[in-house]
Amino acid sequence: MLVNQFLFLAAILFCIGVYGVVARKNAVLVLMSIELILNAVNLNLVAFSLRNGSVDGHTFALYVIAVAAAEVGVGLGLVLLVYRNRRSISLDDLSEMKG
Amino acid sequence: MIFAAEVAQELSSGWFLENAWLIPVIPAVTFALILLVGKRLPLKGSELGVISMLASLAIAGGAAYQWIQRVSSAGEDGIVTPVVRTWAWWQSAGHTFTIGQSIDGLAIIVLVVVAFISTLVQIYSLEYLRGDRRYTHFFAALTLFSAGMLAMVIAEDMITLLLGWEIMGLCSFMLIGHWWEEETNSRAALKAFFTVRTADIGLLVGISMLYVSANEWTMKNLGVSGFSIRGISAWALSGEPNSTLILVIAIALFVAAIGKSGQFPLHTWLPDAMAGPTPVSSLLHSSTMVVAGVFLVARLYPVFFTGFDILGSGGNLITIIGGVTIIIAAALAFVQDDIKRVLAYSTVSQLGYMMMGLGAGAWMPSVFHIFTHAFFKACLFLCAGSIAHSASHHSFDMKKDMGGLRKFMPITFATWIISTLALSGVFPFSGFFSKDEIIDNVGYNGYGLFMIVGLVGAFMTAAYMTRATYLTFFGAPRGASAGQAPHGSHDAHDTHDTHDSRASRDTHGAPHESNLLITIPLMLLAALALGSGLLNAAPFGEKWMRISKWVEPHASAFAPKLYHAPFTWTKASISLAIVFAGIVISWFVSTALYTRKDRRLVGLTQRVPALRVGYNFLINKYYLDALYENVIVKAIVGPIAKGAYWFNQNILDGILHSVAGASRAVSGWVYRNIDQKLVDGAVNNSGKVARDAGGALQPVQSGKVSQYGALLFSAAAVAALVLVIANT
């Protein structure tokens, strides 16, 4: 079965995404990395759905895509406002929540 | 089975027909290439765009040649089946979604037109946008647009069609807003996008309804899914579907066509879309993209044929919308000063002809009008661009910045005149053969009222084009054309890019003819505006009707039986007389009004109240924009938002207040008796513990998002590990 290859690809995508979230300073790139993570999950859902011969996984994946679109909308809105306030979107500058 | 007869005959095919799917794939791949490497190439990626369009054009030409051979191999009355190839895209739980090509006469004719005009417009843009700051992106978007349109045209199923349709919408948005730094341009782009998107809901609804209702029948009888256009066509003609159901589907699909093809009442986006660069107006918003709606109706004709009972009624939704659009758009063209807006309303009006023709069963003349209209309207827009580029300092205002240009720009003038005569429908220019056929067939099929609408529209077309020609090319040069600083509506790009400094040195100054990269596309298009009508010249008899033979499907299980009006010179001479009357009357009124300043005519609209009301009505575009923006949008924003606020203040807050009052009474008692005495002791101790723990954990709260992310993922990893261990 091809499922293994799909899972490998998904795992690689997920790792790249996690790396991006942890290591990148640019807020937009972090958002993009989050998209990668979500798409890795989508790939898993679709792969398993293919193996089990049901549409449930496809449906879930579609929902995830819709939610991800909304998430990017909100995320980019936040980034834009941050940029307007401080002329920078580097995440290192945003440490007011420091305990 | 009824479908068996079609397979009996061996039809000729060939490499180009079998591989026609390459036609959209080449520009799609090139789009990615331009974005990736375009900026590093010597011509900034534009060479890739032009080469890809030439390749597509070559394949489309080869496919057209082989299609013609296929038609002849079928014999006189043989049914020519399309060349279908499909691939499974994805499948799940018994549903298979395919993508594929279905090449028939309609696909071939539109493929050739789109590939040809895309090529010419890209060549024209090499000069027109030279030095633009987003030059590479412009060519990328143009190439992607061509890919989308070509994909829609060869689509075998509704999914590919939808894909191409949406790509075109996106490119239209990107290209109208190409100079988005000016607010009017970005507003126009948004308006176009949202208006068309609103109508696109109809397409989604229509496709879904078709799939749900037709899938079972098509699987059983043809072995294809309910997305297949052939399957849908056969289903619609089979007598199987319920007439209400198919009427609702046809209306839903027609709503999408109204939005995309700028039909009344959603035409308001198209004139505003002229904010884009002129090559974009020429390619997307006159000759190709806006005919997508007409193409949709022509492609799914059996659905509309059955749904609206086209040959059995004297008027239906399509003819009414088309007829209304012809008249109102032509009337608006009279009060525009911007040359591109005149052409935009003219486009809307001509699209109305195509719709009206399709609604009245004149399928072939309408498709032929797509073909001829593309050439002469693209040519007119490119002429307007040529004038703005070389004579009027990027102004499109006919009254302030043009006039007398025929002496300075002979080639532009000649091509403009040929295209204007073609648009007006003068014999023997191409528009005559298509428009007159539409009017004739509409009357022949029993839609008498709409034939009169068509004739009135022909009169108005001739008249407003004569006015525009007079203002642009005759009389005395004014404003920028006379060497003064330009007024009014600017083509935005000369204000803020390198083009300006360079251009003001060598291309501005006195009006002059544009260079070869601009005039060669003009001349090619004008030659076709002059000659393409002869490919389907009804007046010269059956032998000249080549396009009808190649394109029109014979009546079968997949195509309805249609009739052709026999050509008579009496009817044609009436419409020609009307067109000449339009030209002559408009010429004399224009000279009287704009040159001699005849006092009986100048200011007439101010002096006569009835005319003033009409004029203001036209100037304000029937107040449709005001209706959409002030009434509909404000109604949504105003009352609904107020209602939500009222609900929030009175109902939700009321509940909150009463709950809060009750809980305050309870909590007072609890505070005095339990809290103070019993709990405090325990809390003080636990508070101390918590504070110490917090102190210990404080360094973790660094405020750095990436560190939080790392913690989150490591916690998740640990949890996953625990889960794996617990499950084994």
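Residues numbered from 1 in each chain as written. Chains lettered and ligands numbered in written order. Predicted model: local features only at pLDDT ≥ 70, side-chain atom pairs only at ≥ 80, totals over all residues.

The next point concerns the overall build of chain A. A count of helical and extended segments in chain A gives three helices and zero strands. Its C-alpha radius of gyration of 16 Å places chain A more than 25% over the 13 Å reference for a compact globule of 99 residues. In chain A, which comprises 99 residues, the share counted as buried stands at 17%. Partitioning the intrachain contacts of chain A with sequence separation of at least 6 by distance along the chain shows that 47% fall at a separation of at least 24. (Helix = DSSP H or I, 4+ residues; strand = E, 2+ residues; numbered from the N terminus. Rg over C-alpha atoms; globule rule 2.2 N^0.38 Å. Buried ≥ 20, exposed ≤ 12 C-beta atoms within 10 Å, placed from the backbone. Contact = placed C-beta atoms within 7 Å.)

Right, let's get into unusual backbone geometry. Looking along the chain, the bond that leaves F264(B) and enters P265(B) is cis, with omega of 0°. Following F427(B), the chain continues to P428(B) via a peptide bond in cis, the omega torsion being 0°. Take P428(B): it is sitting in the loop between α19 (410-424) and α20 (430-444). With a phi angle near 60°, R87(A) is a residue other than glycine that sits in the positive phi range. Here R87(A) lies in the segment after α3 (56-86). The exposed category is assigned to R87(A), around which 8 C-beta atoms lie within 10 Å.

A few words now on α20(B). With 15 residues, α20(B) extends 21 Å from end C-alpha to end C-alpha; this agrees with the ideal 21 Å at 1.5 Å per step. G446(B) sits one or two residues past α20(B) and shows a positive phi near 90°. (Expected span 1.5 Å × (residues − 1).)

Before going further, it helps to spend a moment on the environment of W180(B). Residues and elements named next belong to chain B. Relative to the helices and strands, W180 resides in the loop between α7 (158-176) and α8 (183-221). W180 gets classed as partly exposed once you count the C-beta atoms within 10 Å, which come to 17. Once the C-alpha coordinates of W180 and Y623 are considered, the two residues, 443 residues apart in sequence, prove to be 26 Å apart. If we ignore the near neighbours within four places in the chain, the residues touching W180 are N185, S186 and A189.

Quick look at the interface of chain B and chain A now. As a measure of interface size, the accessible area lost when the parts come together is often cited. In this assembly, 12 residues from chain B lie in contact with 17 residues from chain A. Considering each element in turn, the side of chain B that touches chain A owes the most residues, five residues, to helix α29 (residues 705-727) of chain B.

Okay, the domain arrangement of chain B next. Taken domain by domain, chain B comprises domain 1 (312-484 + 513-546 + 567-617) and domain 2 (624-676 + 703-727). Placing a centre on the C-alpha atoms of domain 1 of chain B and another on those of domain 2 of chain B gives a separation of 59 Å. (Domains from an automatic or database assignment.)

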